[in-house]
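# Structural overview for review
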Amino acid sequence: MTRMYFEMFGLGEYQHASHYIRMNSLKGKRNLIMHYPIGLLFDLHASNTSLPWSITVHFKNFPSKDLLHCQSKDVIEAHFMSSVKEADALKHKSQVINEMQKKDHKQLWMGLQNDKFEQFWTINRKLMEYTPEEGGFRYIPFRIYQSTGERPFVQKLFRPVASDGKPYALGDLIKEVCPTAITPEDGEKKYQVMIHGIEPLLETPLQWLSEHFSYPDNFLHIAIIPQPTD
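Looking at an unreviewed UniProt entry, one finds the chain named Autophagy protein 5 and attributed to Eleutherodactylus coqui. As recorded by UniProt, the Sequence similarities (unreviewed entry) comment attached to the chain reads in full: "Belongs to the ATG5 family."

Spelled out as structure tokens, the structure:
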């Protein structure tokens, strides 16, 4: 996944600043949003019977109005660490990331860059911890994407536990943020809710999903796609 992460940013074999990728699909040609995780792009564009895209690599006329222009690995590292810090602000009021030293931040990044899970997880697990008194994160870092939506994604404050102490589930989040994606009783299912290529049960506790299904940037990247017909 990490190799693809760099290739999607144009930092693989070619090392070209104007490198970008265009996807060809049944829905027409579109630029791949290169700062999105590769797993999220798969969830948004895959189908049951075919690969999500065929790609064309371009080396000129970079579409700066549509894509984030990542010209070096340092830019990617900064973008990644910014997301991690934003997630920790939601979960722990930035207390965990601020208590880390600069070498810890670098270890987190180098573990991801070099596909060294233990190196990465030694630091990242601290971002996933909370005390029994807290009962979970302050807010859940998430972004919801819709393949047919006009907005890039939806993000808002959402706690993992209700005021009465009852844990919220994935379905509670979807009802709050995108209620049309919930199948009504005796109704036809029109949408799938996908994370990492899996359609989790809507009854899955949101806190558990955040701990175990978050991407390396500590966000839950949730794709809502039309129910496949193929």
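Text resumes after the structure shown.
## Looking at the confidence of the model for the chain
Per-residue confidence for the chain averages 83 on the pLDDT scale, and 82% of its residues sit at or above 70. Under a pLDDT of 50 for its full length, residues 1-18 has, in the predicted model, 42 contacts with residues more than four places off or in other chains.

## So, unusual backbone geometry
In terms of backbone geometry, most residues other than glycine have negative phi values and most peptide bonds are trans. For Lys93, which is not glycine, the phi dihedral falls at a positive 60°. Tracing the chain through its elements places Lys93 in the loop between helix H3 (73-92) and helix H4 (95-99). Residue class for Lys93 comes out exposed when judged on its relative accessible area of 54%. Positive phi values are uncommon outside glycine, yet Ser94 reaches one of about 70°. When you line up the elements, Ser94 lands in the loop between H3 and H4. For Ser94, a relative accessible area of 19% gives the class buried.

## A closer look at the nonpolar core
The biggest cluster of nonpolar side chains holds 22 residues, and the ones touching the most others in it are Phe142, Ile144, Leu173, Ile174, Leu206, Leu220 and Ile222. Where this core is concerned, the elements lending two or more residues are strand S4 (142-146), helix H7 (170-177), helix H8 (206-213) and strand S6 (220-226). Looking at this core element by element, the count peaks at four residues for H7. With 14 residues, the next largest nonpolar core counts Phe80, Val96, Trp109 and Leu127 among its residues.

## A look at a nonpolar patch on the surface
On the surface, a cluster of nonpolar side chains totalling about 230 Å² of accessible area is made up of Ile55, Val57 and Phe59. Mapped onto the elements, Ile55 comes out in strand S3 (residues 54-58).

## A look at the environment of Lys73
Structurally, the position occupied by Lys73 is in helix H3. Accessibility expressed as a relative area gives 38% for Lys73, which makes it partly exposed.

## Points about the packing of aromatic side chains
The geometry of an aromatic ring pair is captured by two quantities: the separation of the ring centres and the angle between the planes. One pass over the full model with this rule turns up seven aromatic pairs. The interplanar angle of 70° and the centroid separation of 5.0 Å between the aromatic rings of Tyr36 and Tyr145 together place this pair among those described as edge-to-face. Within this pair, whereas Tyr36 is found in the loop between strand S2 (28-31) and helix H2 (38-45), its partner Tyr145 is found in strand S4, the two being separated by 109 residues in sequence. Both residues of the pair, Tyr36 and Tyr145, belong to the buried class. Plain terms: the ring middles of Tyr130 and Phe137 are 5.7 Å apart, the flat faces sit at 80° to each other, and that makes the pair edge-to-face. Of the residues examined, Phe137 reaches a relative accessible area of 4% and is grouped as buried. The structure contains a cluster of three or more aromatic residues connected by ring pairs, namely Tyr36, Tyr145 and Phe153. Between Lys91 and the ring centre of Phe137, over which it is positioned, the NZ or CZ distance is 4.8 Å. A cation sits over an aromatic face here: Arg143 above Phe219, 4.2 Å from the ring centre.

Thresholds applied
Residues numbered from 1 in each chain as written. Predicted model: local features only at pLDDT ≥ 70, side-chain atom pairs only at ≥ 80, totals over all residues. Heavy atoms only, no water. UniProt positions renumbered as here; feature names shortened; annotations may be inferred. pLDDT = per-residue confidence, 0-100. Contact = heavy atoms within 4.5 Å. Helix = DSSP H or I, 4+ residues; strand = E, 2+ residues; numbered from the N terminus. Buried < 20%, exposed > 50% of the residue type's maximum accessible area, 1.4 Å probe, protein only. Core = buried A, V, L, I, M, F, W, Y, C linked by side-chain atoms within 4.5 Å. Patch = residues over 30% accessible without salt bridge, like charges linked within 9 Å, V, L, I, M, F, W, Y side chains within 5 Å. Areas by Shrake-Rupley, 256 points an atom, 1.4 Å probe, with all protein chains shown as cover. Salt bridge = Lys/Arg side-chain N within 4 Å of Asp/Glu carboxyl O. Phe/Tyr/Trp six-rings, centres within 6.5 Å; stacked < 30°, edge-to-face > 60°. Lys NZ or Arg CZ within 6 Å of the ring centre and 35° of its normal.

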